[in-house]
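What the coordinates show
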Amino acid sequence: MSTSEPLILAFDTSAAHCAAALLSGDKLLAHAHEPMAKGQAERLMVLITEVMAMGGAKLGDLSAIGVGVGPGNFTGIRISVSAARGLALGLGVRAVGVSTLAARAFGLPRPITVIEDARRGEIYLQDFDDIEGDDPLLLSAGDLPHVLSCLRVTGTGVALAAEVIPGLTILPPPLPLAEAIARIAGQNWQVPNLPRPAPLYLRAADAAPSRDGGPVMLPA
């Protein structure tokens, strides 16, 4: 594929899905989002191959890779971050870690609060103003009335929020998650001294690590 625009591949497996998007400059070339509770490790690379083919591009054409770093499912985040680091190293391109909370807020008016369903009656919460986001939090949904400072909200946890706080203004994310990650990565991939993607964990792993070898994390 020959283009003067940067070509950005982004993907995410931080929740019960496997998603990928391919962006050329501002143009979305391909996108896929598949709900799945498990099996992301086997599906991700196949999905990436399919998205690249849909966009008429090859991995060697990429300018950079964007990846969702969480918060979310412990194993899912490891899968995507490991894949992004490995691909970036093999292709000689930069990988950009993008918070899924920042991706949910992308393109929405500020200030806004992103509320993601963390299951077990808990939520991930982050406030975004005109400059940057506050630190993300893991909270009980019942704590929302004590911490929510903005009534304009978005994210997969807004139904939980609406149960305890009346009068919320709920905005749907304007873009699919993988596309938002790609667009944020497209804005940041040339930033000097950009750190390698690292998992954003707000909760410990649900279970003890398997005795089988998991994805190898390259050094930061």
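Now for a quick tour of the structure.

1. Points about the overall build of the chain
What the chain contains, in helices and strands, is 6 helices and 10 strands. The C-alpha atoms of the chain give a radius of gyration of 17 Å, which matches the 17 Å a tight globule of 220 residues would have. Seen along its three principal axes, the alpha-carbon backbone of the chain occupies a region of about 50 × 45 × 30 Å. For the chain, with 220 residues in total, the buried portion stands at 45%. Put simply, of all contacts in the chain between residues at least 6 apart along the chain, 61% involve residues at least 24 apart. Roughly 10800 Å² of accessible area belongs to the chain as shown, and the carbon and sulfur atoms make up 54% of that amount. Between the averaged position of the 16 positive side-chain charges in the chain and that of its 21 negative side-chain charges there is a distance of 7 Å.

2. Topic: the packing of aromatic side chains
Summed over the entire model, instances satisfying the criterion amount to 1 aromatic pair. Here Phe74 and Tyr201 contribute two aromatic rings whose centre-to-centre distance is 4.6 Å and whose plane-to-plane angle is 25 degrees, an arrangement assigned as stacked. A residue pair is termed long-range when its members are at least 10 positions apart, and Phe74 in helix α2 (residues 74-91) and Tyr201 in the segment after α6 (177-188) qualify at 127 residues. Here Phe74 falls in the partly exposed class, since its relative accessible area comes to 27%.

3. Section: the pairing of strand β1 (residues 7-12)
The buried count for β1 comes to 6 of 6 residues, which makes it a mostly enclosed element. Burial along β1 is two-sided: Leu7, Leu9 and Phe11 facing one way and Ile8, Ala10 and Asp12 facing the other are all buried. Pairing analysis gives 6 bridges linking β1 to strand β2 (residues 17-24), with the strands arranged antiparallel. In the strand pairing of β2, Leu7 is matched with Ser24. The turn joining β1 and β2, which pair antiparallel and follow one another in sequence, is formed by 4 residues. Pairing of β1 with strand β4 (residues 64-68), which is carried by 4 bridges, proceeds in the parallel orientation. Bridge pairing in β4 places Ala10 opposite Gly66.

4. Quick notes on the sheet that holds strand β10 (residues 169-170)
The sheet built from 5 strands is open, its strands ordered β8-β7-β6-β9-β10 with mixed pairing. Only two strands of the sheet have a single neighbouring strand rather than two, namely β8 (137-140) and β10. As judged from the 7 bridges shared by strand β6 (residues 112-119) and strand β7 (residues 122-128), these two strands associate in the antiparallel manner. Within β7, the position partnered with Ile112 by the bridge is Phe128.

5. With respect to the layout of surface pockets
Here the largest pocket is characterised by a volume of approximately 660 Å³. Ser14, Ala15, Ala16, Asn73 and Arg119 are the residues nearest the centre of the largest pocket, which is lined by 35 residues in total. Contributing elements (two or more residues each) for the lining of the largest pocket: α1 (40-54), α2, α3 (100-105) and β6. Considering only residue class, the lining of the largest pocket consists of 15 nonpolar, 11 polar and 9 charged.

6. Things to note about the sheet that holds β4
Sheet architecture is open: 5 strands sit in the order β3-β2-β1-β4-β5, paired in mixed fashion. This sheet does not close on itself; its edge strands, each paired only once, are β3 (27-35) and β5 (94-98). The average undirected angle you get between the axes of adjacent strands in this sheet is 15 degrees. Packing against the sheet, α2 makes contact with β1, β4 and β5, and its axis sits at approximately 170 degrees to β4. On the sheet, α6 packs against β1, β2, β3, β4 and β5 and is oriented at approximately 135 degrees with respect to β1.

So, how was this worked out
- Residues numbered from 1 in each chain as written.
- Predicted model: local features only at pLDDT ≥ 70, side-chain atom pairs only at ≥ 80, totals over all residues.
- Heavy atoms only, no water.
- Helix = DSSP H or I, 4+ residues; strand = E, 2+ residues; numbered from the N terminus.
- Rg over C-alpha atoms; globule rule 2.2 N^0.38 Å.
- Buried < 20%, exposed > 50% of the residue type's maximum accessible area, 1.4 Å probe, protein only.
- Contact = heavy atoms within 4.5 Å.
- Areas by Shrake-Rupley, 256 points an atom, 1.4 Å probe, with all protein chains shown as cover.
- Lys, Arg positive; Asp, Glu negative; His and termini not counted.
- Charge placed at Lys NZ, Arg CZ, Asp CG, Glu CD.
- Phe/Tyr/Trp six-rings, centres within 6.5 Å; stacked < 30°, edge-to-face > 60°.
- Pairing = 2+ DSSP bridges.
- 1 Å grid on protein atoms, 1.4 Å probe; cavity = no way out; pocket = protein on both sides within 12 Å on 5 of 7 lines; lining within 4 Å.
- Points joined across faces, edges and corners; volume = space filled by probe spheres on them.
- Nonpolar A, V, L, I, M, F, W, Y, C, P; charged D, E, K, R; others polar.
- Axes fitted to C-alpha atoms, helices over the stretch in contact; angles between N-to-C directions.

These results come straight from atomic positions and should not be treated as a statement about function.
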